[in-house]
Amino acid sequence: MDTSEVFVVVSTILLYLVGFSAQVWKNYRDPKSTEAIHPLLYFLGACSLVSMGVYGWIHQNNVLLWSAVPGIGLGSIIIFQFFHYKLKKRQIMKNLMLQNLRGRVPRPTIHESS
């Protein structure tokens, strides 16, 4: 690889390692939520990176192949987090509704002033 190819690989890998890993950490830390992101963005990005990686593999272009690998991995984690946290939130809401129907959750009382 010449100097420009090394620069492309290093800068692309840093972009995905810094950008995507920051999003993964934010999704995990801020109460395990993916409310602020749209899954289509990461799904299309992952599809683009997979096609870039496959193209690099077929044509034995290591620049494309190794530039795509970190983004594919971290993008897949973000997509997993999106579905995992949405499913978890739905399960919590379902449990709260069932508890409410069974009378286990105290209902708020309204105090009327006399």
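In case you missed it, the structure is sitting above this.
Residues numbered from 1 in each chain as written. Predicted model: local features only at pLDDT ≥ 70, side-chain atom pairs only at ≥ 80, totals over all residues. Heavy atoms only, no water.

## Quick look at the nonpolar core
One finds Tyr-16, Phe-20, Val-24, Ile-37, Tyr-42, Ala-46, Leu-49, Ala-68, Leu-74, Ile-78, Ile-79 and Phe-82 forming the largest nonpolar core, which totals 12 residues. Secondary-structure elements contributing two or more residues to this core are helix H1 (3-29), helix H2 (39-58) and helix H3 (62-101). It is H3 that provides the largest number of residues to this core, a total of 5 residues. (Core = buried A, V, L, I, M, F, W, Y, C linked by side-chain atoms within 4.5 Å. Buried < 20%, exposed > 50% of the residue type's maximum accessible area, 1.4 Å probe, protein only. Helix = DSSP H or I, 4+ residues; strand = E, 2+ residues; numbered from the N terminus.)

## Here we look at H1
Across its 27 residues, H1 extends 38 Å between first and last C-alpha, which sits within 8% of the 39 Å expected from 1.5 Å per residue. Along H1, the residues that are buried comprise Val-9, Thr-12, Tyr-16, Phe-20, Gln-23, Val-24 and Asn-27. (Expected span 1.5 Å × (residues − 1).)

## Focus on the environment of Cys-47
Here Cys-47 is to be found in helix H2. For the pair formed by Cys-47 and Ser-76, sequence separation is 29 residues and the distance between their alpha carbons is 10.0 Å.

## Topic: a nonpolar patch on the surface
Judged by side-chain polarity, Val-6, Val-10, Leu-14, Leu-17 and Val-18 come together as a nonpolar surface patch covering roughly 420 Å² of accessible area. Accessibility expressed as a relative area gives 38% for Val-6, which makes it partly exposed. (Patch = residues over 30% accessible without salt bridge, like charges linked within 9 Å, V, L, I, M, F, W, Y side chains within 5 Å. Areas by Shrake-Rupley, 256 points an atom, 1.4 Å probe, with all protein chains shown as cover. Salt bridge = Lys/Arg side-chain N within 4 Å of Asp/Glu carboxyl O.)

## Some details on the packing of aromatic side chains
Per the stated rule, a full pass over the model turns up 1 aromatic pair. Aromatic side chains Phe-82 and Phe-83 sit 5.4 Å apart centroid to centroid with 85° between the ring planes, which places their arrangement in the edge-to-face category. By relative accessible area, Phe-82 is classed as buried at 11%. (Phe/Tyr/Trp six-rings, centres within 6.5 Å; stacked < 30°, edge-to-face > 60°.)

## Some remarks on H2
End to end, H2 covers 28 Å across 20 residues, agreeing with the expected 28 Å (1.5 Å per residue, within 8%). Buried within H2 we find Tyr-42, Ala-46, Leu-49, Gly-53 and Gly-56. The buried side chains of H2 occupy one side of the element, clustering within an arc of 90° when seen end-on. A positive phi of about 50° marks Gln-60, the residue just after H2. (Arc of directions from axis to C-beta.)

Shape is all these values report; function is a separate question.
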